There are 2 protein chains.
Amino acid sequence: MKILEERILKDGYVLGKDILKVDRFLNHQVDVALLNEIGKAFYAYFKDHGINKILTIEASGIAIAAITAQYFDNVPVVFAKKFDSVNADPDSYETNVYSFTKNRDYSVRVSKKFIHQGDRVLILDDFLAQGRAAAGLIDLVRQGGGEVHGVGIVIEKSFQDGKTYVSSLGVDVHSLARIRAFIDGTPIFEEV
Amino acid sequence: MKILEERILKDGYVLGKDILKVDRFLNHQVDVALLNEIGKAFYAYFKDHGINKILTIEASGIAIAAITAQYFDNVPVVFAKKFDSVNADPDSYETNVYSFTKNRDYSVRVSKKFIHQGDRVLILDDFLAQGRAAAGLIDLVRQGGGEVHGVGIVIEKSFQDGKTYVSSLGVDVHSLARIRAFIDGTPIFEEV
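- In the nomenclature of an unreviewed UniProt entry, chain A is known as Xanthine phosphoribosyltransferase of Acidaminobacter hydrogenoformans DSM 2784.
- Chain A has a UniProt comment under Function (unreviewed entry) that states "Converts the preformed base xanthine, a product of nucleic acid breakdown, to xanthosine 5'-monophosphate (XMP), so it can be reused for RNA or DNA synthesis."
- The heading Catalytic activity (unreviewed entry) in the UniProt record of chain A holds the text "XMP + diphosphate = xanthine + 5-phospho-alpha-D-ribose 1-diphosphate".

Next comes the structure, spelled out in structure tokens:
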């Protein structure tokens with residue numbers, strides 16, 4: 001997605017070897033006009049799946065999911081919540097996600113009220129690296145008897161194995177920008 | 001706001017004496033069509049203030065702010081982040097907020113990159129009760145030299161003193177639904 005790649009080059013910046021910060025337009029300050037273009041792109045790709053729900057994870061996924069839902073006839077958006085410790089809650093589906101950034105597990109939950117048998121769910125998130133968060137969301141949907149009809153990612157680090165991992169769960173992953181390397185602090189995108 | 005009050009009566013539920021749960025449509029599962037009506041209502045009230053930025057707080061405020069920003073000519077949305085402990089970060093403005101729900105302080109931060117001298121900021125949040133979170137956001141804007149041009153709240157518990165407290169800081173508060181009491185588990189709205 002050309003305007004997204006241009007925006008990453010203009011306003012993103014790299015910390016260390018491979019941490020891309022996009023807090024100027026995606027996950028601290030949010031550019032809603034850009035999110036609308038992102039929403040249109042997700043709709044163009046997933047529109048034939050009869051999506052009836054969008055699932056994301058707090059906090060960075062929420063704005064992406066809410067704006068995108070407008071293109072899917074305002075389907076409900078559900079955001080899963082993160083907890084520091086696993087703490088069984090009989091009213092929630094829960095899964096464990098390992099964070100490579102923080103080097104520890106955290107728990108992700110969604111109320112059983114919001115995932116149902118027969119749901120056709122699109123999962124959205126800002127980043128895909130190792131794919132552990134996306135896999136956790138897939139697990140939550142499947143615990144509730146729903147079907148995952150795709151994972152939409154704004155920025156994929158394609159030099160990590162997230163896409164392979166999520167695909168191995170039988171889910172199609174579509175990323176709008178795919179970074180294959182950082183060279184001298186500059187993201188290098190996959191050819192499309 | 002009539003459709004909001006009707007939705008609270010239909011899908012909200014009360015826990016204990018005065019905890020209103022709106023997780024079916026506002027802060028876990030999100031109804032994006034309703035958020036658009038909420039955004040229009042905030043725009044109708046605050047449109048003459050030359051708002052150039054919307055500030056909210058993770059996680060429940062993000063969808064409200066992102067959808068509402070569309071009515072304000074896609075002004076940038078910034079969401080402040082919550083931290084468990086106060087931990088001075090030279091790149092962030094930081095304030096301390098007391099949570100009556102959790103009976104302890106937490107820290108709220110926003111990067112200095114996103115609040116500037118001359119900013120005309122609209123603050124949005126889902127609930128107003130004691131007003132401590134809204135006051136914290138006002139403090140962050142003022143630390144950065146910005147002007148707060150209003151606080152927009154989806155649901156106010158007007159039997160608590162949040163509006164009085166925020167007004168005492170010189171900021172206009174506009175709430176779309178104002179609950180003056182819970183009687184036998186049913187919210188009773190202020191007359192408009």
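### Topic: the interface of chain A and chain B
Thinking step 1. Taken together, the contacts link 23 residues of chain A with 23 residues of chain B.
Thinking step 2. The set of elements that each furnish at least two residues to the side of chain A that touches chain B consists of strand E3 (29–30), helix H2 (32–46), helix H3 (60–69) and strand E5 (77–83) of chain A.
Thinking step 3. The leading source of residues in the side of chain A that touches chain B is H3(A), at five residues.
Thinking step 4. Here the residues of the side of chain A that touches chain B are counted per class, giving 15 nonpolar, five polar and three charged.
Thinking step 5. Bridge count for E3(A) against strand E5 (residues 77–83) of chain B is two bridges, and the pairing is antiparallel. Within the sheet, the bridge partner assigned to A:Gln29 lies in E5(B) and is B:Val78.

### Re the UniProt feature "binding site: 5-phospho-alpha-D-ribose 1-diphosphate" (unreviewed entry) in chain A
Residues and elements named next belong to chain A.
Thinking step 1. If you check UniProt for "binding site: 5-phospho-alpha-D-ribose 1-diphosphate" (unreviewed entry), the listed places come out as Ala 129, Gln 130, Gly 131, Arg 132 and Ala 133 in our numbering.
Thinking step 2. Residue classification places Gln 130 among the partly exposed positions, given that 17 C-beta atoms sit within 10 Å.
Thinking step 3. In this structure, Gln 130 is in contact with Phe 100, Gln 160, Asp 161, Gly 162 and Tyr 165, ignoring residues within four places of it in sequence.
Thinking step 4. Position of Gly 131 among the secondary structure elements: in the loop between strand E8 (120–128) and helix H4 (132–143).
Thinking step 5. Take Gly 131: there are 25 C-beta atoms within 10 Å of it, and that puts it in the buried class.

Calculation criteria
- Residues numbered from 1 in each chain as written.
- Chains lettered and ligands numbered in written order.
- Predicted model: local features only at pLDDT ≥ 70, side-chain atom pairs only at ≥ 80, totals over all residues.
- UniProt positions renumbered as here; feature names shortened; annotations may be inferred.
- Contact = placed C-beta atoms within 7 Å.
- Helix = DSSP H or I, 4+ residues; strand = E, 2+ residues; numbered from the N terminus.
- Nonpolar A, V, L, I, M, F, W, Y, C, P; charged D, E, K, R; others polar.
- Pairing = 2+ DSSP bridges.
- Buried ≥ 20, exposed ≤ 12 C-beta atoms within 10 Å, placed from the backbone.

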